[in-house]
2 protein chains.
Amino acid sequence: MAHDSARAERGRGPKGALNQARYSEIVEAAGIEFAEKGYQAARIEDIAARVGILKGSLYYYIESKEDLLFEIADRGHARGLGRVAAEEPEVAAADAPTRLAAFIRRWTVMLPRNPPYLTVAERDIRFLSGERYETVMEKRVAIHQYGRSLIEQGIAEGHFDPEVDVGLATNTLFEVLNGTTRWFRPRGRLQHQDLAEWYVSLFLGGLGYEGPRP
Amino acid sequence: MAHDSARAERGRGPKGALNQARYSEIVEAAGIEFAEKGYQAARIEDIAARVGILKGSLYYYIESKEDLLFEIADRGHARGLGRVAAEEPEVAAADAPTRLAAFIRRWTVMLPRNPPYLTVAERDIRFLSGERYETVMEKRVAIHQYGRSLIEQGIAEGHFDPEVDVGLATNTLFEVLNGTTRWFRPRGRLQHQDLAEWYVSLFLGGLGYEGPRP
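Residues numbered from 1 in each chain as written. Chains lettered and ligands numbered in written order. Predicted model: local features only at pLDDT ≥ 70, side-chain atom pairs only at ≥ 80, totals over all residues.

Draft legend 1. Representation of the interface of chain B and chain A within the structure. The partner chain A presents 24 residues to the 24 residues of chain B that form the contact. Per-element accounting of the side of chain B that touches chain A gives the leading share, eight residues, to helix α10 (residues 166-183) of chain B. In terms of residue class, the side of chain B that touches chain A is built from 11 nonpolar, nine polar and four charged. (Contact = placed C-beta atoms within 7 Å. Helix = DSSP H or I, 4+ residues; strand = E, 2+ residues; numbered from the N terminus. Nonpolar A, V, L, I, M, F, W, Y, C, P; charged D, E, K, R; others polar.)

Structure below.
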């Protein structure tokens, strides 16, 4: 039942292990096409051509271009939720500056392991229809809620400035983290770890934290 | 001569005052189409239809769709340079925290007065060819250089953390400022001025400034 409903959610979906591998290739090809041309301009023919199949064969895997957008957006947000859930127990029990610093670090170092086309998960989510939009938004809200709870905890502990608007701070946090892929290219002495340390300084200092660096 | 070369830069361009007004309408319509569909997917016919003229008549004003992208990107960056240049003399003579706070405020409160399609100036700049790309990039580099100089000044003065990588901090500053339009919608008690104050806290605190708030 669960499997059937998952298939229904994204269209017909792949049937069997070999097809699963091919399906992944198709999703990746779609991601690249969407990222380069925009979701609306991307053509099913070009996605099919990228994996060396005919447009007609692609419809064995999907019913519409939107199936592919949903798959990408949903996977991207599932990865984000995975990062949230990866908080180690001793960190989860720590104070907010420690938890926020750990979250910024594990989110930032994950970025280079994301396929570059995951940016479309952010940009083109508005093209998803009804239920699919809701499915992705549920994950997105849960991720934001986690970031928000860390800032609220820090204010309650007296570590962060109580004048800060928690909503503005949370949105800025995710804008900064996810905006990274738009401009940051690691080079020589500057890797994602270094960027993560700058982000930790920016947000802990910006939220008014004055204690030792976690 | 200057006028001729400006016209050459963007294509044939408008000829006369009435046409200038119509040309502005066309640029605005193009901005909306680009923002909604992406530069590559946007069609000249739809831009013409938005201002109630035929595709053929549009070619009286421009030679190609790229003329419109250049106009939008170049105007957007010219506005940014204008904000840089609007630094008041007493601010220009002040310390870096004061100058950076003033810059963040005047940049942020300008955002709601920008046409929403200016985001394409950022996103689609890569589709501009050779000389036009260079023309826009020159303005962009000058804007970034100004932000960078404020952070360098603050480090030299001992107000900002000397461990900060100036390039990372500058890029993050502009990412945050210009990313605003992607998510911030003013409502009730939270206006752009309030957002500006949060950004001032974020960057002064994040850069390690510990003095009185400018």
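Draft legend 2. Summary view of helix α7 (residues 96-110) of chain B. All names here are of chain B. Counted at 1.5 Å a residue, the expected span for α7 with its 15 residues is 21 Å, and the 21 Å between its end C-alpha atoms agrees. When you tally the buried positions in α7, you get 11 out of 15 residues, the bulk of the element. The elements touched by buried residues of α7 are α5 (65-85), α6 (89-92), α9 (130-157), α10 and α11 (192-206). (Expected span 1.5 Å × (residues − 1). Buried ≥ 20, exposed ≤ 12 C-beta atoms within 10 Å, placed from the backbone.)

Draft legend 3. Looking closely at helix α9 (residues 130-157) of chain A. Residue and element names in this part refer to chain A. Helix length check: α9 (28 residues) gives 40 Å between terminal C-alpha atoms against 40 Å at 1.5 Å per residue, within 8%. When we look at burial in α9, the residues that qualify are Arg132, Val136, Ile143, Gly147, Leu150, Ile151 and Gly154. Contacts from the buried residues of α9 go to α5 (65-85), α7 (96-110) and α10 (166-183). Of the residues flanking the end of α9, it is Gly158, one or two places downstream, whose phi is positive at about 85 degrees.

Draft legend 4. Representation of the relation of the copies chain B and chain A in the model. Of the transformation superimposing chain B on chain A, the axial component is 0.0 Å and the angular component is 180 degrees, with the fit at an RMSD of 0.0 Å. Taken together, the rotation and translation relating the two chain copies correspond to the operation of a two-fold axis. Most of the interface of chain B is mirrored in chain A, where 100% of its interface residues again form contacts. (Least-squares fit on C-alpha atoms with pLDDT ≥ 70 in both.)

Draft legend 5. Representation of the environment of A:Pro112. Residue and element names in this part refer to chain A. Position of Pro112 among the secondary structure elements: in the loop between α7 and α8 (119-123). Taking the C-alpha atoms as reference, Pro112 lies 29 Å from Ser129; in sequence the two are 17 residues apart. Those residues within four positions of Pro112 in sequence are excluded, and the remaining contacts are Pro186 and His192.

Draft legend 6. Region of interest: the domain arrangement of chain A. All names here are of chain A. For chain A, the domain assignment lists domain 1 (2-64) and domain 2 (68-206). Relative placement of domain 1 and domain 2: their C-alpha centres are 28 Å apart. It is helix α2 (residues 17-37) that provides the largest number of residues to the side of domain 1 that touches domain 2, a total of seven residues. A breakdown of the residues in the side of domain 1 that touches domain 2 according to their chemical character gives seven nonpolar, one polar and two charged. (Domains from an automatic or database assignment.)

Draft legend 7. Just the packing of α9(B) against α10(B), in detail. Residues and elements named next belong to chain B. Direction vectors running N to C along α9 and α10 enclose 125 degrees, while the axes themselves pass 9 Å from each other. Taken together, the axis directions place α9 and α10 in an arrangement best described as oblique. Relative to α10, α9 is oriented so that their crossing is right-handed. For the pair formed by α9 and α10, the contact residues are His144, Gly147, Arg148, Ile151 and Glu152 on the first element and Val166, Ala169, Thr170, Leu173 and Phe174 on the second. Taken together, the residues of the contact of α9 with α10 sort by class into five nonpolar, three polar and two charged. (Axes fitted to C-alpha atoms, helices over the stretch in contact; angles between N-to-C directions. Parallel < 35°, antiparallel > 145°, perpendicular 65-115°, else oblique. Left-handed = near helix turned anticlockwise from the far one by under 90°.)

Draft legend 8. A look at the environment of B:Gly130. Residues and elements named next belong to chain B. Structurally, Gly130 can be placed in helix α9. Gly130 sits in the exposed class, given 7 other C-beta atoms within 10 Å. Sequence separation between Gly130 and Thr172 is 42 residues, and the spatial gap between their C-alpha atoms is 27 Å.

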